[in-house]
Amino acid sequence: MINLLYIFLMAVSLALDAFAVATSTAIATPNFRKRYAVKMGVWFGAFQFGMPLAGWLLATGLSQYIVAFDHFIAFGLLAFIGSRMVWGSFDKECEVGSHADDLTPRRLCLLAIATSIDAMAAGVSMAFMPDMNILLACTVIGLVAFTLSAVGGILGKQLGCLFQKRAELVGGLVLIAIGTKILIEHLCAGT
């Protein structure tokens with residue numbers, strides 16, 4: 001059975017993008033207030049809850065066709081997401097915004113979608129994990145994303161761009177490790 005610690009580690013890894021975006025938005029937004037942090041947390045948490053569920057629903061419809069190599073799919077998706085996060089931690093400049101007026105529902109929705117695409121891919125991979133409680137996983141992922149986004153917003157002015165890049169690097173490495181663990185467990189079980 002997949003334990004809560006495993007789900008929590010995945011949730012933290014997936015939420016680090018949202019944390020980084022919330023942090024950089026707070027850094028770049030003059031007069032950033034705690035209510036903006038909570039607002040970002042709600043948007044990011046809601047999308048982080050819904051996207052893995054959507055990915056899981058999509059993948060479960062296909063599971064009977066790909067059960068023989070599902071562990072390779074889970075590993076591939078998590079390794080891809082993690083590698084992209086690791087690469088991004090070295091590759092990009094700190095993202096900046098401009099004013100609190102830019103935190104419109106449209107902009108927050110776009111940011112929430114952008115930071116939760118990885119969660120959808122993780123949801124696809126969760127469809128191939130035995131004993132996965134998808135509602136528990138989505139709830140944990142959503143709550144962790146809300147919490148880290150709100151904390152990132154509140155702390156953003158003090159943390160700076162360096163922490164944003166390191167958070168993304170750590171998140172990517174954790175996702176790669178989870179994918180590798182899934183692959184090794186399935187390969188060892190088959191021998």
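Nothing here was measured: the structure is a model prediction, and the numbers come from that model. The numbers attached to residues start from 1 for each chain and follow its sequence in the written order. For this predicted model, a pLDDT threshold of at least 70 governs which residues receive local features, and a threshold of 80 or more governs which side-chain atom pairs are given and counted, while totals over whole chains, interfaces and linings are taken from all residues. Heavy atoms throughout the structure, all of them, feed into the side-chain values; hydrogens and water do not.

Engineer: Whenever I open this one, the overall build of the chain confuses me. Can you help?
Structural biologist: Along the backbone of the chain there are six helices and zero strands. Listing each helix as α and each strand as β along the chain from the N terminus yields α-α-α-α-α-α. Three labels apply to residues, based on accessible area from a 1.4 Å probe with only protein chains included: buried if under 20% of the type maximum, exposed if over 50%, partly exposed otherwise in between. The burial tally for the chain puts 46% of its 191 residues in the buried class. Here, residues are in contact when the closest pair of their heavy atoms is within 4.5 Å. Within the chain, counting contacts between residues at least 6 apart in sequence, those at least 24 apart form 95% of the total. Surface exposure here means Shrake-Rupley accessible area, sampled with a 1.4 Å probe, where a residue is shielded only by the protein chains that are shown. Counting every atom, the chain has about 9400 Å² of accessible surface; 71% of that belongs to carbon and sulfur. Put simply, DSSP marks the helices as runs of H or I at least four residues long and the strands as runs of E at least two long, and each gets a number from the N terminus on.

Engineer: I'm lost on the nonpolar core in this one. Help?
Structural biologist: Within soluble globular proteins, side chains that are nonpolar tend to cluster in buried spots. As used in this record, nonpolar core signifies buried Ala, Val, Leu, Ile, Met, Phe, Trp, Tyr and Cys residues forming a set joined through side-chain atoms within 4.5 Å. Of all hydrophobic cores here, the largest spans 20 residues; its most connected members are Met10, Leu14, Met126, Met129 and Met132. Those elements that place two or more of their residues in this core are α1 (4-28), α5 (105-126) and α6 (134-189). Looking at this core, the element that brings in the most residues is α6, giving eight residues. Met126 has contacts with Met10, Pro52, Trp56, Met132, Ile134, Ala137 and Ile141, leaving out every residue within four places of it along the chain. In terms of nonpolar packing, the next biggest core, distinct from the first, is built from 13 residues, Phe32, Met40, Leu103 and Leu111 among them.

Engineer: When you look at the packing of helix α2 (residues 34-60) against α5 in this model, what are you seeing that I'm missing?
Structural biologist: Helix-helix packing is described using two parameters, namely the angle between the two axes and the distance between the axes. Axis lines are fitted through C-alpha atoms, for helices just across the contact stretch, and the angle between N-to-C directions can take any value from 0 to 180 degrees. Where α2 meets α5, the closest approach of the two axes is 6 Å, and the angle between their N-to-C directions is 35°. For the pair α2 and α5, the crossing hand works out as right-handed. Classifying every residue of the contact of α2 with α5 by side-chain character gives 20 nonpolar, five polar and one charged. Whether a crossing is left-handed or right-handed is set by the direction in which the near helix is turned from the far one by less than a right angle, anticlockwise for left-handed and clockwise for right-handed. Polarity classes work like this: nonpolar for Ala, Val, Leu, Ile, Met, Phe, Trp, Tyr, Cys and Pro, charged for Asp, Glu, Lys and Arg, and polar for all others, with Gly in that last group.

Engineer: Looking at this structure, how should I read α5?
Structural biologist: Since one α-helical turn is 3.6 residues long, residues separated by three or four positions face the same way. How far a helix is expected to stretch is found by multiplying one less than its residue total by 1.5 Å. Taking 1.5 Å as the rise per residue, α5 with 22 residues should run 32 Å; its terminal C-alpha atoms sit 30 Å apart, in good agreement. Within α5, the axis deviates most sharply at Ser116, by approximately 40°. Given a residue, its bend is the angle between the two axes fitted to the seven residues that end at it and to the seven that start from it.

Engineer: Explanation requested: the environment of Ala59 in the structure shown.
Structural biologist: Relative to the helices and strands, Ala59 resides in helix α2. For the pair Ala59 and Ser125, spaced 66 residues apart in the sequence, the C-alpha separation amounts to 7.8 Å. When sequence neighbours within four positions are dropped, the list of residues in contact with Ala59 reads Val124, Ala127 and Phe128.

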